[in-house]
Amino acid sequence: MNKQINLNELTKASSLKIGVISDTHNYVDEEVLETLTGCDAILHAGDIGDENVINSLKKCSDHVFCVRGNNDVEEKWPQTDIQALELIPDNIELEFNDQKIAVTHGHQFYKVEVRHDKLRAQFPDADIIVYGHSHIIVCDQEEKPWVINPGAGGKTRTKGGATCMILSYQNKQWEFENFRAQQS
């Protein structure tokens with residue numbers, strides 16, 4: 001299941017601030033939540049874990065968009081949250097002004113050496129591709145579309161502290177800011 005979303009309806013301004021998170025696995029780090037607070041929209045690139053994660057993100061922004069990860073399956077979610085899980089698509093494509101952002105979990109592309117090439121082939125019309133799965137923060141701007149991974153926003157395999165990204169669009173340009181929480 002894929003979903004198309006127009007972000008122009010979220011803001012009347014020509015700028016946009018998007019929080020990007022992934023791989024929370026049932027828990028969102030408090031510092032990550034603080035960083036995401038006030039974003040125009042939040043994108044979660046899968047392995048969410050349960051509906052509590054989504055509700056936590058909705059306290060940070062009125063507009064939260066999620067895709068399913070390989071761990072976002074009925075067997076791994078609480079039975080009380082299955083209805084929410086069924087509403088989550090595999091991929092989403094968002095548009096803002098003349099920009100397109102594709103979001104997927106990326107677990108279909110196991111070989112790291114070709115992952116970005118395969119993502120670019122799957123979403124050739126995107127300006128930015130967001131994926132998760134690896135738990136490693138990445139911002140590949142070597143060619144278009146750019147490919148980014150916000151790392152892991154929870155407790156699982158954070159490799160030095162939970163992470164997220166902030167994408168800012170202003171004056172027809174994107175800026176990326178990485179955030180890493182203090183490891184506790």
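Residues numbered from 1 in each chain as written. Predicted model: local features only at pLDDT ≥ 70, side-chain atom pairs only at ≥ 80, totals over all residues. Heavy atoms only, no water.

J.: Pulling in residues and values, what's your account of helix H2 (residues 51–58)?
T.: Of all the residues in H2, the buried ones are Val 53, Ile 54 and Leu 57. Seen end-on, H2 carries its buried residues on one side only, within an arc spanning 95 degrees. Lining the buried residues of H2 we find strand S2 (16–21), helix H1 (30–36), strand S3 (41–44) and strand S4 (64–66). (Buried < 20%, exposed > 50% of the residue type's maximum accessible area, 1.4 Å probe, protein only. Helix = DSSP H or I, 4+ residues; strand = E, 2+ residues; numbered from the N terminus. Arc of directions from axis to C-beta. Contact = heavy atoms within 4.5 Å.)

J.: Can you break down the sheet that holds strand S10 (residues 163–170) residue by residue, with the values?
T.: One open sheet holds the five strands; their spatial order is S4-S3-S2-S10-S11, and the pairing between them is mixed. With partners counted over all chains shown, the strands left at the sheet margins are S4 and strand S11 (173–180), one partner each. Direction aside, the axes of adjacent strands within the sheet are offset by 20 degrees on average. Pairing of S2 with S3 involves four bridges; the strand directions are parallel. Following the sheet pairing, Ile 18 is matched in S3 by Ala 41. (Pairing = 2+ DSSP bridges. Axes fitted to C-alpha atoms, helices over the stretch in contact; angles between N-to-C directions.)

J.: Give a description of unusual backbone geometry that names residues and reports values.
T.: For residues that are not glycine, phi is negative in most cases, and the peptide bond is trans in most cases. Between Lys 144 and Pro 145 the backbone carries a cis peptide bond, its omega angle lying at -10 degrees. The residue Pro 145 is located in the loop between strand S8 (137–140) and strand S9 (146–150) in this model. Positive phi values are uncommon outside glycine, yet Asp 23 reaches one of about 50 degrees. Locating Asp 23 in the fold gives a position in the loop between S2 and H1. In this structure, Asp 47 is a non-glycine residue whose phi angle is positive, near 60 degrees. With respect to the helices and strands, Asp 47 occurs in the loop between S3 and H2.

J.: Explain the pairing of S9 residue by residue, including any values.
T.: Within S9, five of the five residues are buried, which leaves the element mostly enclosed by the surrounding structure. Neither face of S9 is open: one carries Trp 146, Ile 148 and Pro 150, the other Val 147 and Asn 149, and all of them are buried. Bridge count for S8 against S9 is four bridges, and the pairing is antiparallel. What sits directly across from Asp 140, in S9, is Val 147. In this structure, the hairpin formed by S8 and S9 is closed by a connection of five residues.

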